[in-house]
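This is what each chain is made of:
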Amino acid sequence: MKKVFIVTGEYSGDIHAGKVAEELKKLNSDIELEGIGGENLKKAGVKLFSDQKKMGAVGLSPKIIMEHITLGKRVVDYLTREFKPDLVLLTDYGAFNLSISKFLKKAGIKVFYYIPPQVWASRPWRLKTIKKNIDKVLCIFPFEKKLYEDCGIKTHYCGHPLVSQLPEKANREEFFTKHGFDPNKKLVSVFPGSRVFELQQLMGVFIKSVELLQKKHPELQFCISHAPNLSDKDFYKYIKDSGIKVIKGENQALLSVSDALILASGTVALEAALYATPMIIAYRGPWLFYFIYLIVRCIKMVSLPNIISGKLIVPEIIQGNVNADNISYNIEKILYDTSYRENYIKSLKGVRELLSDKVSSKEAAKEISNELLLI
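Note that the coordinates shown come from a computational prediction; the quantities given were computed from them, not determined experimentally. (Residues numbered from 1 in each chain as written. Predicted model: local features only at pLDDT ≥ 70, side-chain atom pairs only at ≥ 80, totals over all residues. Heavy atoms only, no water.)

### Examining the packing of aromatic side chains
Working step 1: By the definition in use, this model includes 12 aromatic pairs.
Working step 2: Ring geometry for Tyr93 and Phe96: centres 6.3 Å apart, planes at 50°, overall tilted. Across the pair, exposure class does not vary: Tyr93 and Phe96 are buried alike.
Working step 3: Ring geometry for Tyr340 versus Tyr344: centroids 5.8 Å apart, planes at 70°, classification edge-to-face. Here Tyr340 pairs with Tyr344, and both are found in helix 16 (residues 338–354), just four residues apart, close to one helical turn.
Working step 4: What makes Tyr344 buried here is its relative accessible area of 3%. (Phe/Tyr/Trp six-rings, centres within 6.5 Å; stacked < 30°, edge-to-face > 60°. Buried < 20%, exposed > 50% of the residue type's maximum accessible area, 1.4 Å probe, protein only. Helix = DSSP H or I, 4+ residues; strand = E, 2+ residues; numbered from the N terminus.)

### Examining the environment of Pro286
Working step 1: Positionally, Pro286 belongs in the loop between strand 12 (279–283) and helix 13 (287–296).
Working step 2: Along the primary structure Pro286 and Gln319 are separated by 33 residues, whereas in three dimensions their C-alpha atoms are 8.8 Å apart.
Working step 3: The contacts of Pro286, once residues within four sequence positions are left out, are Gln201 and Gln319. (Contact = heavy atoms within 4.5 Å.)

### Brief notes about the sheet that holds strand 6 (residues 136–139)
Working step 1: Read from one edge to the other, the open sheet built from seven strands follows the order 3-2-1-4-5-6-7, with strand pairing classed as parallel. If you trace the sheet from one side to the other, it starts and ends with strand 3 (47–51) and strand 7 (155–157), each paired once. Neighbouring strand axes in the sheet, compared pairwise and without regard to direction, differ in orientation by 20° on average.
Working step 2: In terms of strand pairing, strand 1 (residues 2–7) meets strand 2 (residues 31–37) through six bridges, oriented parallel. Pairing of Lys2 across the sheet is with Ile31, part of strand 2.
Working step 3: Each of strand 1, strand 2, strand 4 (87–91), strand 5 (110–114), strand 6 and strand 7 touches helix 17 (residues 360–374); the most contacted strand, strand 5, lies at about 170° to it. (Pairing = 2+ DSSP bridges. Axes fitted to C-alpha atoms, helices over the stretch in contact; angles between N-to-C directions.)

### Brief notes about the sheet that holds strand 11 (residues 260–263)
Working step 1: Strand order in the open sheet made by the six strands is 10-9-8-11-12-13, with parallel pairing throughout. In the strand order of this sheet, the two ends are held by strand 10 (245–248) and strand 13 (316–318), each with one partner. Across the sheet, the axes of successive neighbouring strands diverge by a mean angle of 20°, strand direction being ignored.
Working step 2: Here strand 9 (residues 221–226) pairs with strand 10 via four bridges, running parallel. Looking at strand 10, one finds that Ser225 is bridged to Ile247.

Everything listed here is a matter of geometry and, on its own, says nothing about what the molecule does.
See the structure below:
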């Protein structure tokens, strides 16, 4: 029986790794899967060594650092002394996964990396660690393959998971009726992020932006998306008495039926692009983190649609420029400048064309299965 251990760190990684685990079971009737993850890995039949609740924390506090160090030591000890897998699949979550990769390589364990760190965006020195400790990179962007191979790293392009996993557009009329929206009015939706610190930094200015737009355009309607991984307690304390409608757990449907979007940066921007829904990105964090980001970044754009296309399609409002006036101005342009809107949507459709139609989870599982046959 072949053994594979899967490591994820956040909710999205758990989703994508769960799909790979499902495909691995289809391809291998006799395989043992364990890992660090959440409900998606668990549903795919993966025995959890640890859940990922503490893994999604962001920051450099001593408590967070110690929790990661402790977990890293535990998992390395378990893999090298007890479980002894044939292969470890690291998924996203670069800082933690690259740290443990050093110890796994030293122990002679085969290591694959699915959804690798975005070294093309920041911290290019990570390529040295990847070359030294990772046996094969399973990348999700077409331009990544050449980047890694030019550095002498074995790479397979799997395609982006969202291309095959993203649901079809929701029925606008049914969605509006379900949530009490007026089908004759435009809908602007706000996605403030899936982490508590993002709510702390962005929710206030997003609500002010909505209030400004409501005052200037009473014909508009609005809602805020509640990320499913955030507790009601964490989420609603930032909403207070805004009176803005909240929708929880229907992210993709909401993205697909909205007329314009106010987004925190992240994968949600690529989801919106695949639905061809015009958006603006507004993002800020603690100034110390922002200055560190300026030092380590390789490219100036922050949103995936812009990075993939190599040009500024999506307006990016960053750090000190994040205010209600800038956000509302760009939303007004999306909604009321017809020519701009048409060209914007056309450009977003071009983003999808740059990504292949490969089913990413199947490609990753195939590469892993082929490797297991050689072990």
